[in-house]
Amino acid sequence: MTELTILTAEKAEELYEELPTTARDFISEAFDGMQPYQRGIADSVYEYAANQADGLNNSQIIRWLDTDSDSFYWMESVIKEGLVITDRSYGFYNHVQTAIQRQTEDETFEVLKDVLRWYACAAIAEAYPAISEGAADAIDAHDFAALETFDDVKSDAENIIQVWDEE
């Protein structure tokens, strides 16, 4: 029996379509015009979250407080974590931006496993335009979240394909 062949570019596109908005927003910024290769995965999430919070104006900050049902949780959370000091130097808008940044980090890390599955397929698509269904399933099942860099994700995906090709 012949095993089915999966086109990696199409698989990456399917995975992308399944991603929530949070994940797509992260991808559009983290991969904006470049391949991240040696960039740290966690560093990319932290940088993305900081950029999201820093780019807001005061009216957007107030809107977040007004419309996000978890805003008060995040406001309190960053104080408890020691990320905001409530002494004389306290700044309200900085407090809210820190809460938004922390929320964005948390939400992005929640979808990171799916982002890395997408990245694994997208990164290997040129070198491996088609892979076996077994290799595709193995990539789907693999936990890329424990890896440090995007290059590590690509290398793991290539190793999975090579193992499946040997069998």
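Further up the page is the structure itself.
Just so it is clear, the model here is predicted, and its values are computed rather than measured. (Residues numbered from 1 in each chain as written. Predicted model: local features only at pLDDT ≥ 70, side-chain atom pairs only at ≥ 80, totals over all residues. Heavy atoms only, no water.)

Caption draft 1: Expanded view of the side chain of Gln 103. By secondary structure assignment, the location of Gln 103 is in helix 6 (residues 92-124). A polar contact of 2.8 Å, which involves the side chain of Gln 103, links it to the side chain of Trp 64. Once you skip the residues sitting within four places of it in the chain, Gln 103 turns out to touch Trp 64, Asp 68, Asp 70 and Trp 74. (Helix = DSSP H or I, 4+ residues; strand = E, 2+ residues; numbered from the N terminus. Polar contact = N/O pair within 3.5 Å; in protein donor to acceptor, adjacent residues only side chain to side chain. Contact = heavy atoms within 4.5 Å.)

Caption draft 2: Molecular detail of the pattern of salt bridges. A full pass over the atoms with the stated rule returns 7 salt bridges. A salt bridge links Glu 17 to Arg 24, with the nearest nitrogen and oxygen atoms 3.6 Å apart. Exposure remark for Arg 24: the relative accessible area of 25% places this residue in the partly exposed category. Residue Asp 140 is joined to Arg 117 by a salt bridge in which the shortest nitrogen-to-oxygen separation is 3.4 Å. Placement of Asp 140 in helix 7 (residues 133-141) and of Arg 117 in helix 6 is noted, with a sequence separation of 23 residues between them. (Salt bridge = Lys/Arg side-chain N within 4 Å of Asp/Glu carboxyl O. Buried < 20%, exposed > 50% of the residue type's maximum accessible area, 1.4 Å probe, protein only.)

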